[in-house]
Amino acid sequence: MAGRAWTGLLLGLMVGLAAPARSQVPTSPPVFELGDNFPNPFFPATSIPFVLTPEACTDGHIPLVTLEIYNVLVQVVAVPELQTGGRERVRGLRLRCGSYVAYWSGRYLDDEREVTPGVYYYRLTVDGQSQVKKMIVRKENQPTRCPAGPARDILHECPFALFRCAAVRCQNGRLRRY
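Residues numbered from 1 in each chain as written. Predicted model: local features only at pLDDT ≥ 70, side-chain atom pairs only at ≥ 80, totals over all residues. Heavy atoms only, no water.

Counting through the fold element by element, Tyr-108 comes out in the loop between strand S7 (98-104) and strand S8 (118-126). Expressed as a C-alpha distance, the spacing of Tyr-108 and Ile-69, which sit 39 residues apart in the sequence, is 9.4 Å. If we ignore the near neighbours within four places in the chain, the residues touching Tyr-108 are Val-77, Arg-113, Glu-114, Val-115, Thr-116 and Tyr-120. (Helix = DSSP H or I, 4+ residues; strand = E, 2+ residues; numbered from the N terminus. Contact = heavy atoms within 4.5 Å.)

So, about the pattern of salt bridges. For side chains bearing opposite charge, pairing can occur when the charged atoms are close. Overall, the coordinates contain 4 salt bridges when judged by the stated rule. Between Arg-123 and Glu-68 there is a salt bridge, and its shortest N-O distance comes to 3.6 Å. Within this pair, whereas Arg-123 is found in strand S8, its partner Glu-68 is found in strand S3 (residues 64-70), the two being separated by 55 residues in sequence. Here Arg-107 makes a salt bridge to Glu-114, at a shortest N to O gap of 3.9 Å. Shared partners join several salt bridges into a network, and the residues in it are Glu-68, Arg-91 and Arg-123. (Salt bridge = Lys/Arg side-chain N within 4 Å of Asp/Glu carboxyl O.)

In this section: empty space enclosed by the protein. Applying the stated criterion across every chain, the model contains 1 cavity of 30 Å³ or more. Here the largest cavity defines a volume of roughly 30 Å³. Together, Phe-42, Phe-43, Pro-44, Gly-106, Glu-114, Val-115 and Val-137 line the largest cavity. Looking at the lining of the largest cavity residue by residue, the classes come out as 5 nonpolar, 1 polar and 1 charged. (1 Å grid on protein atoms, 1.4 Å probe; cavity = no way out; pocket = protein on both sides within 12 Å on 5 of 7 lines; lining within 4 Å. Points joined across faces, edges and corners; volume = space filled by probe spheres on them. Nonpolar A, V, L, I, M, F, W, Y, C, P; charged D, E, K, R; others polar.)

Core analysis: the largest hydrophobic core is formed by 28 residues, its most contacted members being Phe-50 and Ile-69. For this core, the secondary structure elements donating two or more residues are strand S1 (32-34), strand S2 (46-52), S3, strand S4 (76-78), S7, S8 and strand S9 (129-137). Broken down by element, the residue count for this core peaks at 4 residues, all from S8. Once residues lying within four places of it in the same chain are set aside, the contact partners of Ile-69 are Ile-48, Gln-75, Val-76, Val-77, Ala-78, Pro-80, Trp-104, Tyr-120, Tyr-121, Tyr-122 and Met-135. (Core = buried A, V, L, I, M, F, W, Y, C linked by side-chain atoms within 4.5 Å. Buried < 20%, exposed > 50% of the residue type's maximum accessible area, 1.4 Å probe, protein only.)

Bringing the sheet that holds S2 into the picture now. Whether parallel or antiparallel, the strands of a sheet pair through hydrogen bonds between backbone atoms. Pairing in this open sheet of 4 strands is antiparallel, and the strands run S1-S2-S7-S5 from one edge to the other. In this open sheet, the two edge strands, each paired with only one partner strand, are S1 and strand S5 (81-82). (Pairing = 2+ DSSP bridges.)

In this structure, Pro-39 follows Phe-38 across a cis peptide bond, with omega equal to -10°. Omega for the bond connecting Phe-43 with Pro-44 falls within 30 degrees of zero, at 0°, which places this linkage in the cis form. Residue position: Pro-44 is located in the loop between S1 and S2. One non-glycine residue, Asp-59, adopts positive backbone phi at about 55°. Examined against the element boundaries, Asp-59 turns out to sit in the loop between S2 and S3. Notably, Val-74 is not glycine yet its phi reads approximately 60°, a positive angle.

Structure below.
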């Protein structure tokens, strides 16, 4: 009886030392790379770089590419345009392998007004594979860093009548409202 317990313990240790099955499966190289948008945070516009690697274009295949901007409710709010060529929107485009930069004006799909400040996500889909990254739209005239020098007051202008304007004090490199 004790011999079986030792056998079970030894078998359990041997199974635990084996490499996981998923690490033994060869992984395919990525077919695209989605870069970080710049600038981030931004107002009013941003650029989004992406690369379609040669692995995406094997045997003369031209991948199907879509780039969309989503709000935090996962609603499509915009489709950026390619900066090269005829300013085509990146939705269902067949693109050859290479580097691209998409431009987003910070406006909704209808192009009538700018999006509200906050967090947005951009998703690049290439032949059904997707990658998502986050970006931040900031308010106009919103300082992001304190100017160099001693602590001082900065007048913070409110671009929207709905928000109450406040003064901002720079102390120790941080912005503080009061």
